[in-house]
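Summary of structural features
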Amino acid sequence: MNTADNNSDTRHSFNTAPEEALGDAEAASVVRDIAEVPAIEVITTAAVHLMSAAAVKCGLAAGPDSEALKDLDEARKLITALAGFITAAAPEIGSQHAGPLRDGLRSLQLAFREASPFPDAPGKGPGEKFTGAVN
């Protein structure tokens, strides 16, 4: 992809080719490494990262500062993104992988409802436009 074709808002992300930043041999190794990772692993890893971040933002982190880390506005965004991601990925990754991700998502949706001082109406909680009402 030619970086001149990118708009100015995203150009900064693509200015330096990986080869320039890492060196040709190291860049080739990184490309080989990522090429060996199955798509299903990349998808599930991304989902787990979203789940972990949402759990922390729901106040589920371990440790005495879990309440200080709680941010329900951020949690709502992460849970909604996770719900859309899992819904879109499910046909590609199959039920054996999507099932546990859906279970984790449902747990986060319930944790969000419990943590919220003013719970959303059924079907209006984070991600419920993708999953349906969670109770």
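Quick look at the structure, then. Here the structure is a predicted model, which is why all the values come from computation and not from measurement.

The rules we used
- Residue indices follow the written sequence of each chain, beginning from 1 at its first position.
- Reporting of local features is limited, given that this is a predicted model, to residues whose pLDDT is at least 70; pairs of side-chain atoms are given and counted only at 80 or more, and all residues count toward the totals for whole chains, interfaces and linings.
- With hydrogens and water excluded, all non-hydrogen atoms of the structure serve as input to the side-chain values.
- Within this scheme a cavity is a closed region of a 1 Å grid, computed over the protein atoms alone, that accommodates a 1.4 Å probe without allowing it to escape, whereas a pocket is open but has protein on both sides within 12 Å along at least five of seven lines; lining residues each have an atom within 4 Å of a point.
- Grid points are joined across faces, edges and corners, and a volume is the space filled by probe spheres set on the points.
- In this description a helix means any DSSP run of H or I spanning at least four residues, a strand means any run of E spanning at least two, and both kinds are numbered starting from the N terminus.
- Three categories are distinguished: nonpolar for Ala, Val, Leu, Ile, Met, Phe, Trp, Tyr, Cys and Pro, charged for Asp, Glu, Lys and Arg, and polar for the others, with Gly belonging to the last.
- Take the buried residues of types Ala, Val, Leu, Ile, Met, Phe, Trp, Tyr and Cys, join any two whose side-chain atoms come within 4.5 Å, and each joined set is a nonpolar core.
- Accessibility here uses a 1.4 Å probe with only protein chains present; expressed as a share of the type maximum, an area under 20% marks a residue as buried, one over 50% as exposed, and anything in between as partly exposed.
- The contact rule is simple, with two residues in contact once any of their heavy atoms fall within 4.5 Å.
- Take a side-chain nitrogen of Lys or Arg and a carboxyl oxygen of Asp or Glu: if they are within 4 Å of each other, that pair is a salt bridge.

1. What about empty space enclosed by the protein?
A complete count under the given rule lists one cavity of 30 Å³ or more for this structure. One number sums up the size of the largest cavity: a volume of about 60 Å³. Around the largest cavity, the lining residues are Gln 109, Leu 110, Phe 112, Arg 113, Pro 119, Asp 120, Gly 125, Pro 126, Glu 128 and Val 134. A total of four residues in the lining of the largest cavity trace back to one element, the largest contributor, which is helix α7 (residues 95–115). Its residues assigned to classes, the lining of the largest cavity comprises five nonpolar, two polar and three charged.

2. Thoughts on the nonpolar core
By size, the foremost hydrophobic cluster in this structure holds 19 residues, and its most contacted members are Ile 79, Leu 82 and Leu 108. At the level of elements, α4 (39–57), α6 (72–93) and α7 are the ones that each hand at least two residues to this core. Ranked by the residues each element gives to this core, the list is headed by α6, at nine residues. The residues contacting Ile 79, other than those within four sequence positions of it, are Ala 54, Cys 58, Leu 105, Leu 108, Gln 109, Phe 112, Pro 126 and Gly 127.

3. Brief notes about the environment of Glu 114
Among the secondary structure elements, Glu 114 is positioned in helix α7. Among the residues examined, Glu 114 registers a relative accessible area of 72% and is labelled exposed. Taking C-alpha positions, Glu 114 is 9.2 Å from Cys 58, a pair spaced 56 residues apart along the chain.

4. Things to note about the side chain of Ser 66
With respect to the helices and strands, the residue Ser 66 is situated in helix α5 (residues 66–69). For Ser 66, a relative accessible area of 15% gives the class buried. Ignoring sequence-local partners within four residues, the contact set of Ser 66 consists of Gly 59 and Ala 61.

5. Side note on the pattern of salt bridges
The tally for this structure, following the rule as stated, stands at five salt bridges. Of the charged contacts, one joins Asp 73 and Lys 77 as a salt bridge, the two residues approaching to 3.4 Å between their closest N and O atoms. Taken together, the positions of Asp 73 and Lys 77, both in helix α6 and four residues apart, correspond to about one turn of that helix. Of the residues examined, Asp 73 reaches a relative accessible area of 47% and is grouped as partly exposed. Between Glu 128 and Arg 113 there is a salt bridge, and its shortest N-O distance comes to 2.8 Å. Note that Glu 128 is positioned in helix α8 (residues 128–131) and Arg 113 in helix α7, a separation of 15 residues in sequence. Since its relative accessible area comes to 22%, Arg 113 is described here as partly exposed. Here the salt bridges do not stand alone but share partners, grouping Asp 73, Glu 74 and Lys 77 into one network.

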